[in-house]
Amino acid sequence: EDQVTQSPEALRLQEGESSSLNCSYTVSGLRGLFWYRQDPGKGPEFLFTLYSAGEEKEKERLKATLTKKESFLHITAPKPEDSATYLCAVQAITDSWGKLQFGAGTQVVVTP
Amino acid sequence: DGGITQSPKYLFRKEGQNVTLSCEQNLNHDAMYWYRQDPGQGLRLIYYSQIVNDFQKGDIAEGYSVSREKKESFPLTVTSAQKNPTAFYLCASSTDSGDIQYFGAGTRLSVL
């Protein structure tokens, strides 16, 4: 069965203190791995899609990387506005209709 | 502005009552999805639809029903058979199955 585990569950950072979030996955053939950002009481906002091991994508202070078993979301010199819950989801090759299997998320709080 | 509109933002259900959550998109997307989000858990798929007049059950469809009479609309009904309906409900859409899913702002359902 496909599984996605995110760690840590929560992360408290000082402004400017870089860190990484982990997303470990078990899937029968990866079609894609997705990162979303979710603010309290709002819907998830798409950040990145990664398709193959070794792939990296960047957006402002965020950088996502992918290996065969996990993905990392690196937050460089975070600012308070980076505070949010970050969700990871995987899509299996066997699911032709686009099912996403989500992790529980990592809640990030960045203090000034 | 193109996007996904969910309404209402907050909804209260009395015992034995059916309630309907609205989801409308003007992105011209073929595929639409309904997810349920509970604290500390990942998003779980309730129903999905790849095309008008066709929809499939997701992982937790019991106690829910949907329709897809128009490409733009995918309403979700939470029936009285759903014994634990309190959750945050999210609607998503994508150009086709397997593509990036974009989310609405969500509806928070509570039981009176």
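This section reports on the structure supplied with the text. Computed from a predicted model, the values in this text were never measured in an experiment.

The rules behind these values
Residues numbered from 1 in each chain as written. Chains lettered and ligands numbered in written order. Predicted model: local features only at pLDDT ≥ 70, side-chain atom pairs only at ≥ 80, totals over all residues. Heavy atoms only, no water. Helix = DSSP H or I, 4+ residues; strand = E, 2+ residues; numbered from the N terminus. Rg over C-alpha atoms; globule rule 2.2 N^0.38 Å. Contact = heavy atoms within 4.5 Å. Areas by Shrake-Rupley, 256 points an atom, 1.4 Å probe, with all protein chains shown as cover. Phe/Tyr/Trp six-rings, centres within 6.5 Å; stacked < 30°, edge-to-face > 60°. Buried < 20%, exposed > 50% of the residue type's maximum accessible area, 1.4 Å probe, protein only. Lys NZ or Arg CZ within 6 Å of the ring centre and 35° of its normal. Core = buried A, V, L, I, M, F, W, Y, C linked by side-chain atoms within 4.5 Å. Pairing = 2+ DSSP bridges. Axes fitted to C-alpha atoms, helices over the stretch in contact; angles between N-to-C directions. Disulfide = S-S within 2.5 Å. Patch = residues over 30% accessible without salt bridge, like charges linked within 9 Å, V, L, I, M, F, W, Y side chains within 5 Å. Salt bridge = Lys/Arg side-chain N within 4 Å of Asp/Glu carboxyl O.

1. A closer look at the overall build of chain B
In terms of helices and strands, chain B carries zero helices and eleven strands. Secondary structure elements in chain B, listed N-terminal to C-terminal, are β-β-β-β-β-β-β-β-β-β-β. The C-alpha radius of gyration computed for chain B amounts to 13 Å, which stays within 12% of the reference 13 Å derived for 112 residues, consistent with globular compactness. Taking the principal axes of its C-alpha atoms as reference, chain B extends roughly 35 × 25 × 25 Å. The long-range fraction of contacts in chain B, counting pairs at least 24 apart against all pairs at least 6 apart in sequence, stands at 53%. Carbon together with sulfur atoms contributes 46% to the accessible area of chain B, which is approximately 5400 Å² in total.

2. Considering the packing of aromatic side chains
In the structure shown here, the tally under the stated rule is ten aromatic pairs over all chains. Ring centres of Tyr36 of chain A and Phe103 of chain B lie 5.4 Å apart, and the angle between their planes is 90 degrees; on these two criteria the pair is classed as edge-to-face. Separated into two different chains, Tyr36 of chain A in strand β4 (residues 30-38) and Phe103 of chain B in strand β10 (residues 102-103) make up a pair that spans both. Tyr36 of chain A sits in the buried class, given a relative accessible area of 0%. The exposure class assigned to Phe103 of chain B is buried, which follows from its relative accessible area of 11%. Ring pairs connect the aromatic residues Tyr36, Phe46 and Phe102 of chain A together with Tyr33, Tyr35, Tyr102 and Phe103 of chain B, which therefore count as one cluster. Residue placement shows Arg68 of chain B over the ring face of Phe74 of chain B; its charged tip is 6.0 Å from the ring centre.

3. Observations concerning the nonpolar core
Leu21, Tyr25, Leu33, Trp35, Leu73, Tyr86 and Val108 of chain A are the most contacted members of the largest nonpolar core, which totals 25 residues. With five residues, strand β9 (residues 84-92) of chain A is the largest single contributor of residues to this core. If we ignore the near neighbours within four places in the chain, the residues touching Leu33 of chain A are Cys23, Tyr25, Phe48, Thr49, Leu50, Leu66, Ser71, Cys88, Ala89 and Val90 of chain A. The next biggest cluster of nonpolar side chains, apart from the first, holds 20 residues, and it includes Ile4, Met32, Tyr64 and Tyr89 of chain B.

4. Quick look at the sheet that holds strand β8 (residues 76-78) of chain B
Residue and element names in this part refer to chain B. If you walk across this open sheet you meet the four strands as β1-β3-β8-β7, and the pairing is antiparallel. Sheet topology places β1 (4-7) and β7 (64-66) at the edges, where each strand pairs with a single neighbour. Neighbouring strand axes in the sheet, compared pairwise and without regard to direction, differ in orientation by 20 degrees on average. The sheet contact formed by strand β3 (residues 19-25) and β8 spans three bridges and is antiparallel. Bridged to Val19 within β8 is Val78.

5. Quick notes on the state of the cysteines
Simply put, the disulfide is a covalent bond whose two ends are the sulfur atoms of two cysteines. Scanning all chains against the criterion turns up two disulfides over all chains. The side chain of Cys23 of chain A participates in a disulfide bridge whose partner is Cys88 of chain A; the two sulfur atoms lie 1.9 Å from each other. When the S-S torsion is -65 degrees, as for the bridge of Cys23 of chain A with Cys88 of chain A, the disulfide is left-handed. You can see Cys23 of chain A sitting in strand β3 (residues 19-26) and its partner Cys88 of chain A sitting in strand β9, a full 65 residues away along the chain. A single burial state applies to Cys23 of chain A and to Cys88 of chain A, both of which are buried. Each sulfur in the disulfide pair Cys23 of chain B and Cys91 of chain B lies 1.9 Å from the other. Residues Cys23 of chain B and Cys91 of chain B are joined by a disulfide whose S-S torsion is about -70 degrees; by sign, that bridge is left-handed. Here the residue Cys23 of chain B occupies a position in strand β3, and Cys91 of chain B occupies one in strand β9 (residues 87-94), the gap between them amounting to 68 residues. Of the two residues, Cys23 of chain B and Cys91 of chain B, both sit in the buried class.

6. Description of a nonpolar patch on the surface
Judged by side-chain polarity, Tyr10, Phe12 and Leu112 of chain B come together as a nonpolar surface patch covering roughly 390 Å² of accessible area. Residue placement: Phe12 of chain B occurs in strand β2 (residues 10-13).

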